[in-house]
Amino acid sequence: MKINYIILLLFFTFPVLAQDFPPRPNPPKLVNDMAEMLSASEENALQLKLLGYEDTTSTQIAIVTLNSIGQYDVSDYAIRLAQQWGIGQKGKDNGVLILVSLDDRKQFIATGYGLEGALPDAYVARIRDEFLRPNLKSGQYYQAFDQTTSAIFNLAAGEFKGEPISKNQKGISIAPFIVLAFIFFFVILPMISRGKRVRQSHFGSGGMGWLTTLLLMNTMGRGGRSSGSS
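Attention in this report is confined to the structure presented alongside it. Just so you know, these numbers come straight off a predicted model, no measurement behind them. (Residues numbered from 1 in each chain as written. Predicted model: local features only at pLDDT ≥ 70, side-chain atom pairs only at ≥ 80, totals over all residues. Heavy atoms only, no water.)

**Here we look at the layout of surface pockets**
Here is the rule: Only protein atoms enter the 1 Å grid used here, on which a cavity is any set of points holding a 1.4 Å probe that cannot leave and a pocket is any open set flanked by protein within 12 Å on both sides along at least five of seven lines; residues with an atom within 4 Å of a point are listed as lining. Grid points are joined across faces, edges and corners, and a volume is the space filled by probe spheres set on the points. For this classification, Asp, Glu, Lys and Arg are treated as charged, while Ala, Val, Leu, Ile, Met, Phe, Trp, Tyr, Cys and Pro are nonpolar and the rest, including Gly, are polar.
In this structure, the largest pocket spans a volume of roughly 550 Å³. If you go around the largest pocket, you meet 22 residues; those closest to its centre are Ile79, Ala110, Thr111, Gly112 and Tyr113. For the lining of the largest pocket, a count of residues per class yields 11 nonpolar, 7 polar and 4 charged.

**Concerning the packing of helix α4 (residues 121–137) against helix α5 (residues 141–156)**
Stated precisely, the cut-off is as follows: Geometry is summarised by axes, namely lines fitted to C-alpha atoms with helices restricted to the contacting stretch, and by angles between N-to-C directions that run from 0 to 180 degrees. Strands are runs of DSSP state E lasting at least 2 residues, helices are runs of H or I lasting at least 4, and numbering of each runs from the N terminus. When an angle is under 35 degrees it counts as roughly parallel; over 145 it counts as roughly antiparallel; between 65 and 115 it counts as roughly perpendicular; any other value is oblique. Crossing handedness follows the turn of the near helix against the far one: under a right angle anticlockwise gives a left-handed crossing, and clockwise gives a right-handed one. The contact definition used throughout considers only heavy atoms, calling two residues in contact when any of these lie within 4.5 Å.
Close contact between α4 and α5 brings their axes to 7 Å; oriented N to C, the two are set at 160°. Of the possible angle classes, the one that applies to α4 and α5 is roughly antiparallel. Crossing of α4 against α5: the hand is right-handed. Each of Tyr123, Val124, Ile127, Phe131, Leu132, Asn135 and Leu136 in α4 lies in contact with α5, whose residues at this interface are Tyr141, Gln143, Ala144, Phe145, Gln147, Thr148, Ala151, Ile152 and Leu155. Class assignment for the residues of the contact of α4 with α5 results in 12 nonpolar, 4 polar and no charged.

**Regarding the nonpolar core**
Note the following rule: Throughout, nonpolar core names a set of buried Ala, Val, Leu, Ile, Met, Phe, Trp, Tyr and Cys residues whose side chains join them through atoms within 4.5 Å. Exposure classes here rest on a 1.4 Å probe applied to the protein chains alone. A residue is buried below 20% of its type maximum, exposed above 50%, and partly exposed in between.
If you look at the biggest cluster of nonpolar residues, it comprises 27 residues, and the most contacted ones within it are Ile61, Ile98, Leu132, Phe145 and Ile152. No other element matches α5, which puts 6 residues into this core. Not counting residues within four places of it along the chain, the set of residues in contact with Phe145 comprises Leu38, Leu46, Ile63, Thr65, Ile98, Val100 and Leu132. With 17 residues, the next largest nonpolar core counts Val64, Ala82, Ile87 and Leu97 among its residues.

**Brief notes about the packing of helix α2 (residues 40–57) against α5**
Helix-helix packing: each pair is described by the crossing angle between the helix axes and the interaxial distance. One way to put it is that α2 packs onto α5 with a least axis distance of 10 Å and a crossing angle of 10°. Considering the angle they form, α2 stands roughly parallel to α5. Taken together, the residues of α5 that come into contact with α2 (itself represented by Glu42, Ala45, Leu46, Lys49, Leu50 and Tyr53) are Tyr142, Phe145, Asp146, Thr149, Ser150, Phe153 and Ala156. Of the residues contributing to the contact of α2 with α5, the split by class is 8 nonpolar, 2 polar and 3 charged.

**Thoughts on the environment of Leu99**
Position of Leu99 among the secondary structure elements: in strand β3 (residues 95–101). Overall, Leu99 belongs to the buried group, its relative accessible area being 0%. Once the C-alpha coordinates of Leu99 and Ala78 are considered, the two residues, 21 residues apart in sequence, prove to be 6.3 Å apart. Here Leu99 is in contact with Val64, Leu66, Val74, Tyr77, Ala78, Leu81, Lys106, Gln107 and Phe108, once residues within four sequence places are set aside.

**What to know about α4**
Let me state the cut-off plainly: Helices are assigned an expected span. That span is 1.5 Å times one less than the residue count. Take the seven residues that end at a residue and the seven that start at it, fit an axis to each, and the angle between those axes is the bend at that residue.
Its 17 residues give α4 an end-to-end C-alpha distance of 22 Å, which sits within 8% of 24 Å, the value for a rise of 1.5 Å per residue. Its maximal kink placed at Arg128, α4 deviates by approximately 35°. Residues of α4 that are buried sit in contact with β3, β4 (106–111) and α5. In the stretch just after α4, Gly139 is the one whose phi turns positive, near 80°.

**Structural notes on the environment of Asn44**
Mapping Asn44 onto the fold places it in helix α2. Separated by 14 residues in the primary sequence, Asn44 and Leu30 place their C-alpha atoms 10.0 Å from one another.

**Quick look at the pattern of salt bridges**
Note the following rule: Salt bridges, as used here, are contacts in which a Lys or Arg side-chain nitrogen is within 4 Å of a carboxyl oxygen on Asp or Glu.
Counted under the stated rule, the structure contains 6 salt bridges. Note that Lys49 and Asp146 form a salt bridge whose closest N and O atoms lie 2.7 Å from each other. One end of the pair, Lys49, is in helix α2; the other, Asp146, is in helix α5, with 97 residues separating them in the sequence. Between Arg128 and Asp129 there is a salt bridge, and its shortest N-O distance comes to 3.1 Å. Classification of Asp129 by relative accessible area gives partly exposed; the value is 28%.

Structure below.
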């Protein structure tokens, strides 16, 4: 009985584990809107844009939209799909895949190893977070892909401005620094200032005391020598 239960479990879970990847379109296209997120004119405009970029740079950027990728991790799915479709020139590994899973609300930008220098992962992730995700969330699908591809063009050309946001930086808050600055300027500095005034006043009174003592000793010394000489 236990074996039968295991077989049934495998039977029902196998379709999830064996989630099919869509076959590569024939003829190949750079914009593959399987989730029907774009109009025909929008899809054509993006196709022409990416074809022009490929002709100029040899870097191939593909857009794929799906309704769902099942239980797959989106980054793993994107990388495997890019490998299966052979995105990028053979031997150069210079392909980029912009993947969007509509119903899962997942998106990822996978880059080939040949583009590691031109498209660092941290910058690509920032492009995703600044252009792809916000536009998708607001339903501006064409703008999402248009702005994302333009940002990738600029990044590859060295024209993308700003610094990448690392994981460590995301967790840093400026609140502690504000508190420390407040303590320094309004607590520590006044204490130091008061301390200086106290030391100065003590030095002043002490200094006059020593000066008076020295004058008296000098006078007494002269007086002693006079009496001795006489």
